[in-house]
Amino acid sequence: MSALALILDAAARFPDHVAIEEPAAAMTYRQLLALARHHAARSAAAVEVLDAERTTDFIARCLGAWLAGRAFLPIDPAEPATRRQAMVRRLGQDTGGDPLAYVIATSGSSGQPKLVRIAHRGVPALLRAQIAAFQLAPGARSLWLHAPIFDASVSDWGTAVASGATLVIPTPDVLATPAALRDELARRAVTHVDLPPALLPYLADPPPDLRVVILGGEPCPVERVRALARRLRVVIVYGPTEATVCSSLVVAHPERWSFPAIGEPLPGVRYEVVDGELWIAGEALALGYAGDPEETARRFVIRGGERWYRTGDRIEIIGNELVFAGRVDRQYKLAGRRVELEEIEATLARMPGVREAATAVRELAGSTRRVLVAFVDGDVTEAAVRAWIAAEGPVWVTPARVVVGSLPRTRTGKIDRGVLDQCAVDPVPISPASPLEHEVAAIWSRLGLALPEREIRFRDAGGDSLTALAFHAAVAAHGIALDPGVLARDPTFAELVAEAQRGQASWLLDVAECEERGLEEHALRARPISGLSCSGPRLVLPLELDRARPAAPGAGGVVLVTGATGRFGPHLLRALRARDPRRIVALVRAPDEAAARLRLGALADEVEVLCGDVGADLLGLRSPRWCRLVEDTTAIVHAAAKLELGGDWDAHADANVGGTAEIARMVAAKPEIAWHHISTLSVFVQTDRAEGRHATTAVPSRDARVFGGYAQTKVAAEAIARAHGASTILRLGLLVDDSSHTLDQLGMTLRGLAKLGQVPAGASALRLDVTLIEHAAAATVALALHGAAPAIHHIASAGVAFGELVRAVRVHAAPLEEVSPATFVETALARLADPEIAMAYLALGRLHGGDRMRPFDLFLATGADFATETTDRTLAALGIAKPVIDDARIDRLVGAALGSDFVDTRRA
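On a predicted model such as this, the values are computed, not experimentally measured, just so you know. (Residues numbered from 1 in each chain as written. Predicted model: local features only at pLDDT ≥ 70, side-chain atom pairs only at ≥ 80, totals over all residues. Heavy atoms only, no water.)

**Student:** What is the right way to read the side chain of H793 from this model?
**Tutor:** Mapped onto the elements of the fold, H793 is located in strand β37 (residues 792-795). There is a polar contact of 2.8 Å between the side chain of H793 and the side chain of T871. (Helix = DSSP H or I, 4+ residues; strand = E, 2+ residues; numbered from the N terminus. Polar contact = N/O pair within 3.5 Å; in protein donor to acceptor, adjacent residues only side chain to side chain.)

**Student:** Explain the packing of aromatic side chains to me, please; I cannot follow it from the model alone.
**Tutor:** The description of two aromatic rings rests on the distance between their centres and on the angle between their planes. Summed over the entire model, instances satisfying the criterion amount to 12 aromatic pairs. Relative to F493, the ring of W444 has its centre 5.3 Å away and its plane inclined at 90°; by these criteria the two rings are edge-to-face. Taken together, the residues span a long stretch of sequence, with W444 in helix α13 (residues 435-446) and F493 in helix α15 (residues 493-502) at a distance of 49 residues. Of the two residues examined, W444 and F493, each falls in the buried class. An aromatic cluster of three or more residues is present, and its members are W66, F72, Y102 and W157. Positioned above the aromatic ring of W279, the side-chain terminus of R303 is 5.6 Å from the ring centre. For the cation-ring pair, R517 lies above W649, with the distance from its terminal atom to the ring centre recorded as 4.9 Å. (Phe/Tyr/Trp six-rings, centres within 6.5 Å; stacked < 30°, edge-to-face > 60°. Buried < 20%, exposed > 50% of the residue type's maximum accessible area, 1.4 Å probe, protein only. Lys NZ or Arg CZ within 6 Å of the ring centre and 35° of its normal.)

**Student:** Please explain helix α4 (residues 81-91) as it appears in this structure.
**Tutor:** Note: α-helices contain 3.6 residues per turn, so residues at a spacing of three or four share the same orientation. All of the buried residues in α4 are R83, A86, M87, R90 and L91. Angularly, the buried residues of α4 cover 145° about the axis, an arc narrow enough to put them on a single face. In this structure, α4 carries T82 and R89 as exposed residues pointing more than 90 degrees from its buried face. (Arc of directions from axis to C-beta.)

**Student:** Help me understand the pattern of salt bridges in this model?
**Tutor:** Side chains that differ in sign of charge can pair as their charged atoms come close. For the structure shown, the criterion picks out 47 salt bridges. In this structure, R355 and D377 form a salt bridge, with 3.1 Å as the shortest nitrogen-oxygen distance. Pair noted here: R355 is in strand β22 (residues 354-363) and D377 is in strand β23 (residues 370-378), with a separation of 22 residues, a long-range link. Salt bridges here are not isolated pairs; linked through shared partners, they connect E515, E516, R702, E718, R722 and R731. (Salt bridge = Lys/Arg side-chain N within 4 Å of Asp/Glu carboxyl O.)

**Student:** Help me understand the environment of H724 in this model?
**Tutor:** Topologically, H724 is positioned in the loop between α22 (709-723) and β33 (726-732). A residue is classified by how much of its surface remains accessible, and H724, at 4% relative accessible area, is buried. Placed 61 residues apart in sequence, H724 and I663 show a C-alpha to C-alpha distance of 9.6 Å. Of note is the side chain of H724, whose polar atom sits 3.4 Å from the side chain of H522.

Shown next, in the form of structure tokens:
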């Protein structure tokens, strides 16, 4: 059965299932097949040249080519016209041979890309093997992450539509930041995703719906794979483009995975290791390179009467496993894309003014991040070299560093690559217009971003959220106050410098301004809505309510819970199920009810699931459904919130401020609803008035300055809740539990300190206000159900001295030497390219950096003392004992935060 037959069979069995879901539309299998037949009727060329775009129409055109007995070649729409025309010309130079399925340019090629000709014969075995290993079936939702110009995308969409699953096309900016990717996975209820290994660290705490992660393209850190495999199914795929995407795979075992094995060959594929290099034979082999018989003959060789492909991959045999050990040539994978150094050097050699050039892939000091470096001997500038490469090849082969000057030689006159691999690389940034611009450019370059040009954007230069973290740490170290949300907006270099010039005053808000913004948002949403009529009271919110809301509604009715799919939400739902007989409705953001149920997981069978969006108008519901919800609801537990470390007001406002205003709208429409608002101790901690004792009746001082978008929007949300109907406000501390959350702020901080082997003097005396997540859920439900006074509660399990965490790090990981803040700064500055070290530097910034770093010390290092006595007594009377956070508990928390790679190393 061919690959096309597999897809046609799925379409015949599931004609009305959703085959492809775009952000704003969906298409069934029946509709997809009709569109494919439409394109097939218009097919003409032997190889259809298609604009490579993640769209339903692109897949329909690929299937249409197959229906017409033709192949397809995806080309980036941004590809320079000369390169596009050259590729098309080379297609016409090949005749005969087995029927083609597709032709694809090898990723990362520069100059003249290799056009790999893939026959139909190898594709069905690939799809069947991957569908089985990925456990794909109708009901699964697979995210299409790989761009269509890469052969891995054939696996992405091919396995989905050949299994009856739904292929989910992401929003265009899904890879802009790791936070955006994780939000997309959660919001779209994705169950399967094929990720570049570079993104693996962002799934230490995977979304609840995610069941299977596929990793390939480059070696994966063993400990991270093992840790993820304890949470879900992890499939490692291996294979070159020349062997039809994937030639072997293996499911990572959560305990036994100890080296980067490449797995068992797929059916019809044979492996042999020849002089340490992996050779591949079988039906999956490509027919060769279009228009390049010499390269075809070099890489595809006859041995023992059989045709083999020489991969260039070094393989070691450990036990019965084949293990990837590097390259035998100078081909690399950077961020999952192939980079061939010889081809880049050939492209540079064609540049006017260049006498000779060499390239290397280098690791940045203090980091495992690798970047491309070009060494050029000639009468050229760095900017000219980068412009030449950018014009001749794709953006990812543009060097992050260019060093202009004479090249070192061996005694025989050859370029001494050993010297190049060791020499320091300190490029001169753009000619600075000011000392500030010079400093920002130097930081930009040190973090491995492409050399700064005034109009180059942060993401185009290679920036991501972890780079942003290191960037904020570095600018703070240089005394530069930078808006914590600016990098999330993907500024140009010039815009970044302008933001740095504006200083802290441009983004720092005081409590009064936060509250005013919140109340303005509330007023906007409180206006009557034309055409909306509920059987209850008029939909008009009063500006102020003097009377208290009922805190304990009678039996019956609905308890509405927001934030159900967040970290706190599932614990809250389980606690409600245990103590409240009423109907529980969980508001879940998703494209449809089925996806909403998938997001909620097993809890979807225990509560009612409502598909909506807390920050949208009327919670994203149609007005009749909203009215019915208002009429049915007797209590709301509003736990929804967004926390994006370093994000500004705009990054948080829709969920945190808009969502609270929407809850206030419901309560105004039906004043009998008891509203229990989940707030945070950061409304005090993240201000410049964090010291001193705070009673449960306390509110933040209106002239206090608030650091960071999360705290600013939570101050605004609490102002809405206090003014417009909340029965109780429950302020939680730093939520912790015994599971591993290595990429939250606390986990990253502890890991960064362990890597440095140092802790600054004074850190041990700092404090965290910790709330165990199970205690927070039980306490919230008990207080909400029984209407206990006062109306505001501080739910903090304990104030934990940072020194107790330091002690536990020493137990689990390595000795931490206590050094002066100045020494700590000096050590950390040399390694800020490591995001965990940057996080540790920022999180303890008040010891060495002042207010510039305060947006990043969320919940850490507070000197505040929160009154909990009344709340603790009330909870004790309700059977909720305050948990003891002793040494054993702290050891478990720290062990989970550090992760097994630190703990296992220590025990070894």
